[in-house]
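# Examination of the molecular architecture
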Amino acid sequence: MPQAAAPAVKIALLGRPNVGKSTLFNVLAIGKENKAIAHAQAGTTRDVRQTPAQLFGRPFVLLDTAGVEPARTREAATALQRQLNQLSLQAAQAADVLLLLLDGAAPLTPADRALATDLRKLNKPLIVVVNKADLRVAERTVAEAATLGLGPVIALSAAHREGLGQLADALDPYLPAAVEAIEQEAEPTPAATDLQADGTDATLDALTADPALPTNKLISKPLPTPLKLAVLGRPNVGKSTLVNALLRQEAMLTGPVAGLTREAITHTFTALGHRFALIDTPGLRKKGKVEEDSLEFLSVGQSLAALQHAHVLLLVIDASVHNEARGLWQVFEQQDAAIAQAALRAQKPIIVVLNKWDAVHDKDACKADVLAQLRAKLHGIHTPLALPVSATRQQGLGALLKAVLELQSRYGQAFNTAKLNRTLAAILAKRSPPLINGQVVSLKFLRQIVAGPPVFALWGNRVDKISGHYLQFLKHQLCENLGLTALPITLHLRANQNPFGHRAKQRAGFTGSAKQKKAQAAKTKSQKSRKPRA
């Protein structure tokens, strides 16, 4: 009987703000989508980020934490810093090995010594690392760090990837044997201003541009494991609270202040017999309010990158603002529509999550108003799916996850060509295409060419003249008949082509060539026999 694989070793990076934890995290993390935001502004990291990592082929799980420091004087900042300290120390308790990072650009501080004392009490392997060792002043910091009494001190420069060999030697007793290095292609990260850009897949476009029928038979795609859910929305609508409710733990920093989440953080959990990966993202504001090269600009770029990697998008909106008595009926705002349109351009399934449902006064009126707003702004979906939840009271979460599984299952479904053409015949019997300049538009053949996302090709004559209204009718009818009403579908129109036309052309080309030669020979003979004029 094969032995179960040993659980991965967890290594936590801890230290004061802005000592280079996220920079070292990015050096060790595997995959571009798992990188943290490294910014000169202190306190960039506010949540615990966990990702697979490796050092010279030695695999482990790496935890990036928020900077730990004494509470500030102002009460609001003190409460926030206490939350950050608590999350970081919780990550230290869950880890197997601790890396205490010190800033080589500054002398040892009382906060460094206090943190070292707290970590020593956990009775876990603790390695002291002085970052920014490429600076001359770092030598003094290394000497001061040796007085902590925690063993040898590792000096490295994460930004220049220097000293990693010494770190590998220090971690050697705790890591498994080396494995083959994992190579991943770098993927471009969308810019913060790309909400209006085209997010479609170039590979899909190349496939559907070919008018020829695919030769391989489509099969339905199984549910991906883990199924990645990206939680997006405007600031302070309850995204992190929803993530904590689904995880059943306080994994993300929450509070009444907008903008607490600054990075896209992934957590995994199991529910309904399936494994999920939940990606909490920073709030997305209007691009006109986001300054380029700012920390928020980088955060928004991470959010849009998470959208590309996710299988299903959960768009969270605050339903508690709805109050018809006060004239507040607009719940789905323009920025929500921009986020949803970016998801539709990327052909991702989307569920609108009506959060804070327990605080809605007239639930029936709110649901009717939201559905009307969704139909008006999301034309790419026949019937947008909106589900009410209360993250704080953990209500509606089971129904939400069931809807996610059902939506993803239909998203990857492959349909039989015979069934599709019976469906097409029923649609045409219901409403045929309008005449084009008195000429009939004939739609002949329908086939699915991609499963997950659902993409179909429709062959006929004069298809380039079909109006947008009738094309929308065709797509909506397909969604109704195939059970895809809550999903974005793509319908490509193709001009009729005879499948044996190339043979006919070859025969016509050969015959035509012989006739042309015979005619040319007769013409030449006639010209030679003709007498020149005087």
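What you see is a predicted model; the values in this text were computed from it and never measured.

### Overview of the sheet that holds strand β5 (residues 126-131)
Ordered in space as β2-β3-β1-β4-β5-β6, the six strands form an open sheet in which the pairing is mixed. Looking along the sheet, the strands with just one partner apiece sit at the ends: β2 (49-55) and β6 (153-155). Recorded for the sheet is a direction-independent mean angle of 30 degrees between the axes of neighbouring strands. Sheet topology places β2 next to strand β3 (residues 58-64); seven bridges connect them, and they run antiparallel. Bridging across to β3, Leu55 finds its partner in Arg58. Where helix α1 (residues 21-28) meets the sheet, its contacts fall on β1 (10-15), β2, β3 and β4 (97-103), and the angle it forms with β3 comes to roughly 150 degrees. The strands touched by helix α3 (residues 110-120) are β1, β4 and β5; relative to β4, the strand with the most contacts, the crossing angle is about 175 degrees.

### Points about the confidence of the model for the protein chain
The share of residues in the protein chain with pLDDT of 70 or more is 72%, and the mean pLDDT across the chain is 77. Across the protein chain, element-level confidence peaks in helix α11 (residues 397-411) with a mean pLDDT of 95 and bottoms out in helix α6 (residues 202-209) with 42. Predicted confidence is poor over residues 72-77, with pLDDT under 50, and the contacts of this stretch with residues over four places away or in other chains come to three contacts.

### Structural notes on the pattern of salt bridges
Where charged atoms from two side chains of opposite charge come close, those side chains can pair. Taken as a whole and assessed by the stated rule, the structure comprises eight salt bridges. When the shortest N-O distance is used, the salt bridge between Asp172 and Arg58 registers 2.8 Å. Of the two residues, Asp172 sits in the loop between α5 (164-171) and α6 while Arg58 sits in strand β3, which places them 114 residues apart along the sequence. The residue Arg393 makes a salt bridge to Asp358 at a minimum N-O spacing of 3.5 Å. Residue Arg393 is located in the loop between β12 (385-388) and α11, and its partner Asp358 is located in the loop between β11 (350-355) and α10 (363-377); the two are separated by 35 residues in the primary sequence. Of the residues examined, Arg393 reaches a relative accessible area of 55% and is grouped as exposed.

### With respect to the sheet that holds strand β7 (residues 227-233)
Overall, mixed pairing links the six strands, which are arranged β8-β9-β7-β10-β11-β12 in an open sheet. Since the sheet does not close on itself, it has two edges, and those belong to β8 (265-271) and β12, each with one partner. Pairwise comparison of adjacent strand axes, ignoring direction, gives a mean angle of 30 degrees for this sheet. With four bridges connecting them, β11 and β12 associate as parallel partners. Within β12, the residue paired with Val352 across the bridge is Ala386. Packing against the sheet, helix α9 (residues 334-345) makes contact with β7, β10 (312-318) and β11, and its axis sits at approximately 175 degrees to β10. On the sheet, α11 packs against β7, β8, β9 (274-280), β10, β11 and β12 and is oriented at approximately 170 degrees with respect to β11.

### Focus on the side chain of His322
Turning to its location among the elements, His322 is positioned in the loop between β10 and α9. Under the relative-accessibility criterion, His322 is labelled buried at 1%. Looking at His322, its side chain comes within polar contact range of the side chain of Asp369, at 2.8 Å. Apart from the residues within four sequence positions on either side, His322 is in contact with Leu328, Trp329, Val331, His361, Asp362, Ala365, Cys366 and Asp369.

### Quick look at the pairing of β2
The buried fraction of β2 amounts to five of the seven residues, a majority that puts the element mostly inside the structure. Between β2 and β3, which follow one another and run antiparallel, lie two residues, and Phe56 among them has a positive phi close to 55 degrees.

Basis of the calculations
- Residues numbered from 1 in each chain as written.
- Predicted model: local features only at pLDDT ≥ 70, side-chain atom pairs only at ≥ 80, totals over all residues.
- Heavy atoms only, no water.
- Pairing = 2+ DSSP bridges.
- Helix = DSSP H or I, 4+ residues; strand = E, 2+ residues; numbered from the N terminus.
- Axes fitted to C-alpha atoms, helices over the stretch in contact; angles between N-to-C directions.
- Contact = heavy atoms within 4.5 Å.
- pLDDT = per-residue confidence, 0-100.
- Salt bridge = Lys/Arg side-chain N within 4 Å of Asp/Glu carboxyl O.
- Buried < 20%, exposed > 50% of the residue type's maximum accessible area, 1.4 Å probe, protein only.
- Polar contact = N/O pair within 3.5 Å; in protein donor to acceptor, adjacent residues only side chain to side chain.

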